[in-house]
Amino acid sequence: MPSDFCAPVEPIPILVYHQIAEAPPKGAPFRSLYVSPKSFARQMRLLKWLGYRGLSMSALLPYLRGEKRGKVCGITFDDGFVNNLEHAMPVLHSFGFSSTCYNVSQRLGQTNDWDREVGIAPAPLMTSGQLKEWLAHGQEVGAHTRHHVHLPLLSEEDCVHEIAGSLAELRDVCHVNVDHFCYPYGEFKPEHAAMVKRAGYLTATTTERARCKTGDDLWQLPRVPVVRSTTLPVFWLKLATAYEDRRRD
């Protein structure tokens, strides 16, 4: 084999979860966004068995930039539910994994009231103290705007306030750098990605479905959704094959 041979860089999946809790009764809206604690534990066990390292966005960044290589996987949680702390964090900690939880800075200690119109039951969001507990166990805090807004519906001034303000508020609460952002509802325009970059975030994630490749725009990163119906064989397909990549626009 030639000495200058380089193996191809593996695509990098960034998993996205919402609630780690038992799903509400059949017929409830958006039941897919609930992954049971047992299913989550099985998924993380399989991730470890397959040789992946589950990483927060900060730990994943050198791999996204092509500065490091390895069998890695990003783990992210949207919205900041208390059940992430109660059910996901102990599992992550037991496997030596880190993750990033994107929080809505003006809703700490409240509920997901933005979901009321679509009928999703309210669930508690982490308080500032619980965020500090999350951080103390090796996990990371990211930003998800101040009020979980539809950015394309806002003025430029309001978008800047939501994007930059979330960073400042979470940093003041947690006393750590807040370097990573997630677009609420996956909704954004190119100008919003530029605002995120100017605000000082190092990455931003979307709801576009695919694994990441080195060279992808760091402020428009795709992710791999994990939902209630994701079986272990499908979980493996999402990680290790083009199952999600072909869904990319």
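Check the entry above for the structure.
What you are looking at is a predicted structure, and each value in this text was computed from that prediction instead of being measured.

### Here we look at the overall build of the protein
And step 1. Looking only at helices and strands, the protein has seven helices and 10 strands in total.
And step 2. Taken over C-alpha atoms, the radius of gyration comes to 17 Å for the protein, in line with the 18 Å a tight globule of 249 residues would show.
And step 3. In terms of overall dimensions, the protein has a C-alpha envelope of 55 × 40 × 35 Å along the principal axes.
And step 4. Expressed as a percentage of its 249 residues, the buried residues of the protein come to 49%.
And step 5. When contacts within the protein are restricted to residue pairs at least 6 apart in sequence, those whose partners lie at least 24 apart make up 65%.
And step 6. Summing over all exposed atoms, the protein offers an accessible surface of approximately 11,600 Å²; the carbon and sulfur share of this is 54%.

### Quick notes on the pairing of strand 7 (residues 140–143)
The side chains of a regular strand alternate, first on one face of the sheet and then on the other.
And step 1. Across the two faces of strand 7 the burial is the same, with Glu 140 and Gly 142 and Val 141 and Ala 143 all buried.
And step 2. Summarising the sheet, strand 6 (residues 100–103) and strand 7 pair through four bridges and their orientation is parallel. Looking across to strand 7, one finds that Cys 101 is bridged to Val 141.
And step 3. With respect to chirality, the unit in which strand 6 leads through helix 4 (residues 128–136) into the neighbouring parallel strand 7 is right-handed.

### Remarks on helix 2 (residues 57–64)
Three- or four-residue spacings in an α-helix give side chains the same orientation, since the helix completes a turn every 3.6 residues.
And step 1. Extensive coverage of helix 2 is indicated by the burial of six of its eight residues.
And step 2. Buried within helix 2 we find Met 57, Leu 60, Leu 61, Pro 62, Tyr 63 and Leu 64.
And step 3. In the segment just after helix 2, Gly 66 is the residue with positive phi, at about 85 degrees.

What counts, and at which threshold
- For every chain, the first residue of the written sequence is number 1, and numbering continues from 1 onward in sequence order.
- Reporting in this predicted model follows two pLDDT cut-offs: at least 70 for local features of residues, and 80 or more for side-chain atom pairs to be given and counted; totals over whole chains, interfaces and linings ignore these cut-offs and use all residues.
- Note that water and hydrogens are dropped before the side-chain values are worked out from all heavy atoms of the structure.
- Here a helix means four or more residues in a row that DSSP labels H or I, a strand means two or more in a row labelled E, and each is numbered from the N terminus.
- Put simply, the radius of gyration uses C-alpha atoms, and a globule should come to 2.2 Å times the residue count raised to 0.38.
- Think of it in three bands: with a 1.4 Å probe and only protein chains considered, a residue is buried below 20% of the maximum accessible area for its type, exposed above 50%, and partly exposed in between.
- Every residue pair with non-hydrogen atoms within 4.5 Å of one another is taken to be in contact.
- Only the protein chains shown count as cover for residues, with accessible areas throughout obtained via the Shrake-Rupley method and a probe of 1.4 Å.
- At least two bridges found by DSSP between two strands is the condition for calling them paired.
- Crossover handedness is defined by viewing with both strands directed away from the observer: a clockwise path from the first strand over the helix to the second marks the crossover as right-handed.

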